[in-house]
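Breakdown of the fold
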Amino acid sequence: QVQLVESGGGLVQAGGSLRLSCAASGRIFSINAMRWYRQAPGKQRELVAVITSGGSTNYADSVKGRFTISRASAENTVFLQMNSLKPEDTAVYYCNVESRGSRLSPVRDTWGRGTQVTVSS
């Protein structure tokens, strides 16, 4: 089993910044990728950013230049630095980790419970 603990959400004014964290623990042999998704009320969940085991990153067009995903590999922790926040960034943000429990284990997808980010205008 893998557990994810997210933190860092909250209420911020437009133009402000927040930093989300997601710590993975449990049976982890390796991590393929760590992702942040978000889901706004009445909308589908969307991928915000991803970082692979090799350090490659990718972002949704809507957050490029404003959000930065990074990883502390030794701690199996992923961060999402969010700058220049806009009201349309308001959503529940979810951490997702793709991992293996052992060398021969299949890849497992684990989701966090989500953390609310609210940006006021």
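Figured I'd write up the structure that's included with this text. This is a predicted model, so every value here is computed, not measured.

1. Describing the state of the cysteines
Under the criterion given, the structure shown has one disulfide. Each sulfur in the disulfide pair Cys22 and Cys95 lies 2.1 Å from the other. Taking the sign of the S-S torsion, about -80° here, the bridge from Cys22 to Cys95 comes out left-handed. Of this pair, Cys22 sits in strand β3 (residues 18-26) while Cys95 sits in strand β9 (residues 91-100); the two residues are 73 residues apart in sequence, bridging distant segments of the chain. Neither residue differs from the other here; Cys22 and Cys95 are each classed as buried.

2. Thoughts on the packing of aromatic side chains
Scanning the entire structure with this criterion turns up one aromatic pair. Across the ring face of Phe79, the terminal group of Arg19 is positioned such that the distance to the ring centre comes to 4.0 Å.

3. Comments concerning the side chain of Thr110
Here Thr110 is to be found in strand β10 (residues 108-111). With residues near it in sequence (within four places) discarded, Thr110 still touches Val2, Leu4, Cys95, Asn96 and Val97.

4. Here we look at the sheet that holds strand β8 (residues 77-82)
One open sheet accounts for four strands, arranged β1-β3-β8-β7; its pairing is antiparallel. The sheet is open, and its two borders are formed by β1 (2-7) and β7 (67-72), each paired with just one other strand. Between one strand axis and the next, the sheet turns through 15° on average, direction left out of account. Pairing geometry for β7 and β8, over six bridges, is antiparallel. Its bridge partner lying in β8, Ser70 is registered against Phe79.

5. Concerning the environment of Thr52
As for its placement among the helices and strands, Thr52 is situated in strand β5 (residues 46-52). For Thr52, a relative accessible area of 29% gives the class partly exposed. Sequence separation between Thr52 and Thr115 is 63 residues; the distance between their C-alpha atoms is 22 Å. Leaving out residues up to four positions away in the same chain, Thr52 has contacts with Asn32, Ala33 and Arg71.

6. Thoughts on the pairing of β5
Inspection of the sheet shows strand β4 (residues 30-39) paired to β5 by six bridges, in the antiparallel sense. Bridge pairing links Tyr37 to Leu47 in β5. In this structure, the hairpin formed by β4 and β5 is closed by a connection of six residues, where Gly42 is found at a positive phi of approximately 75°. Pairing of β5 with strand β6 (residues 57-59), which is carried by three bridges, proceeds in the antiparallel orientation. Note that in β6 the partner of Val50 across the bridge is Asn58. Adjacent in sequence and paired antiparallel, β5 and β6 are bridged by four residues, among which Gly55 carries a positive phi angle near 95°.

Rules and cut-offs
The residue numbering used here restarts from 1 in each chain and proceeds along that chain's sequence as written. Reporting of local features is limited, given that this is a predicted model, to residues whose pLDDT is at least 70; pairs of side-chain atoms are given and counted only at 80 or more, and all residues count toward the totals for whole chains, interfaces and linings. Processing note: side-chain calculations cover all non-hydrogen atoms of the structure and skip hydrogens and water entirely. By convention in this document, the label disulfide applies to cysteine sulfur atom pairs within 2.5 Å. Only DSSP runs of H or I with at least four residues qualify as helices, and only runs of E with at least two residues qualify as strands; both kinds are numbered from the N terminus onward. Burial classification: accessible surface area is computed with a 1.4 Å probe over protein chains only, and a residue below 20% of its type maximum counts as buried, one above 50% as exposed, and the rest as partly exposed. Each pair of aromatic rings taken from Phe, Tyr and Trp, with Trp reduced to its six-membered ring, is defined by centres within 6.5 Å and is described as stacked if the planes are under 30 degrees apart, edge-to-face if over 60, and tilted in the remaining cases. Placement of a positive charge over a ring is assigned whenever Lys NZ or Arg CZ falls within 6 Å of the ring centre and within 35 degrees of the normal to the ring plane. The criterion used for residue contact is that any of the two residues' heavy atoms lie within 4.5 Å. The pairing criterion for strands is at least two bridges between them, as found by DSSP. Orientation is described by lines fitted to C-alpha atoms, with helices fitted over the stretch in contact, and by angles between N-to-C directions that extend from 0 to 180 degrees.

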